[in-house]
Amino acid sequence: PWLGAHGNGNVLVSWLGTPGGIKKSTDFGANWLPTISLGSLNHGTTISIGNTGLVHVAHNTRETTVTYRKSTDYGMTFKAARDLGSQGQPCRSPCSPRSHPIIGGDTDPTGKVVAVTWASRQQHPDAEMDDDVWVMVSYDAGETFSEPIRVNDNMNPSRQFQPWAAVDRYGAVHVVWTDLRDNGTNSTYYARMTDIKKGFEPNVKVNDGAGQPASFLGDYKGIDVLGRDVVVTWQD
């Protein structure tokens, strides 16, 4: 399940299944409106809410396609699902730790700047043919999205996966992920993009020390931004 909320009492929760769905509350979760079906979902969604009523929901379809849905009334209704493009193929097996085809994302407070992120082996000029971190960005409230932008800047063949994203009030995109570029150790890296024409700034290693990753690391990172403060979480 995944949760999104706005301070005016609007709460949205989504879940997996055949079909998966999303429900809305207008009174801080005390009562819930009827379920809106999202179709068959075997991995989680991302839910981000702007203060103008815009809601952005992204997920993968058939583990191959990045899919997006939008609401303009805080999730009372949603427009038809729209495929943004190929997701590529994450390395689930025999890779250890695995990378699941989970979509992350966020929006700025207005709901106009939207970021969608995932990790996969992608047919792309910048791809390494192993797990890389990708981001699509919209600057018009989800009407159009950029082509996939590679986030990780490593020069050695190595896997990058488990990305999560946040968008700050200035429209900058922040991403954190698991990175095996340092001799295969369980490192956490971060990058920021303030200008899509320039792409992401040089990657920054977050953790001070790391050992070999466990065969199971879970599936998620975490990141949030408020003003100049950036907080990230990871497993070790």
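Values in this document were obtained by computation on a predicted structure and should not be read as measured data.

Calculation notes
- Residues numbered from 1 in each chain as written.
- Predicted model: local features only at pLDDT ≥ 70, side-chain atom pairs only at ≥ 80, totals over all residues.
- Heavy atoms only, no water.
- Phe/Tyr/Trp six-rings, centres within 6.5 Å; stacked < 30°, edge-to-face > 60°.
- Helix = DSSP H or I, 4+ residues; strand = E, 2+ residues; numbered from the N terminus.
- Buried < 20%, exposed > 50% of the residue type's maximum accessible area, 1.4 Å probe, protein only.
- Lys NZ or Arg CZ within 6 Å of the ring centre and 35° of its normal.
- 1 Å grid on protein atoms, 1.4 Å probe; cavity = no way out; pocket = protein on both sides within 12 Å on 5 of 7 lines; lining within 4 Å.
- Points joined across faces, edges and corners; volume = space filled by probe spheres on them.
- Nonpolar A, V, L, I, M, F, W, Y, C, P; charged D, E, K, R; others polar.

The subject of this paragraph is the packing of aromatic side chains. Overall, the coordinates contain five aromatic pairs when judged by the stated rule. Taken together, a centroid distance of 5.7 Å and an interplanar angle of 75 degrees make the contact between Trp 164 and Tyr 220 edge-to-face. With a gap of 56 residues between them, Trp 164 in strand 13 (residues 160-167) and Tyr 220 in the loop between strand 16 (204-205) and strand 17 (222-226) connect regions that are remote in the sequence. The buried category is assigned to Trp 164, whose relative accessible area is 7%. Classification of Tyr 220 by relative accessible area gives partly exposed; the value is 33%. On the basis of an interplanar angle of 25 degrees and a centroid distance of 6.5 Å, the ring pair of Trp 177 and Tyr 189 is categorised as stacked. Of this pair, Trp 177 sits in strand 14 (residues 173-179) while Tyr 189 is found in strand 15 (residues 187-193), placing the two residues 12 residues apart along the sequence. An aromatic cluster of three or more residues is present, and its members are Trp 2, Trp 164 and Tyr 220. If you follow Arg 159 out to its NZ or CZ, it ends over the ring of Phe 161, 4.4 Å from the centre. Note that Arg 181 overlies the ring of Tyr 189, its terminal NZ or CZ placed 4.1 Å from the centroid.

What follows deals with unusual backbone geometry. For the bond from Thr 18 to Pro 19, the omega torsion is 10 degrees, close enough to zero to count as cis. As for its placement among the helices and strands, Pro 19 is situated in strand 3 (residues 17-25). In this structure, the amide linkage connecting Ser 93 to the following residue, Pro 94, adopts the cis form with an omega of 15 degrees. Structurally, Pro 94 is set in the loop between strand 8 (82-86) and strand 9 (104-107). We note that Arg 62 has phi near 55 degrees; this positive angle belongs to a residue other than glycine. Tracing the chain through its elements places Arg 62 in the loop between strand 6 (55-61) and strand 7 (65-71). Since its relative accessible area comes to 61%, Arg 62 is described here as exposed. Backbone geometry places Glu 63, a non-glycine residue, at a positive phi of 60 degrees.

All right, on to the layout of surface pockets then. Computed from the structure, the largest pocket encloses a volume of approximately 550 Å³. Split by residue class, the lining of the largest pocket holds 13 nonpolar, nine polar and five charged. Considering only enclosed or pocket space, the second largest pocket measures out at about 190 Å³ in volume. Considering the residues around the second largest pocket, the lining is formed by Asp 168, Tyr 170, Ala 172, His 174, Arg 192, Thr 194, Val 225, Gly 227, Arg 228 and Val 230. Taken together, the residues that form the lining of the second largest pocket break down as four nonpolar, three polar and three charged.

Remember that the coordinates give geometry; whether it matters functionally is a separate question.
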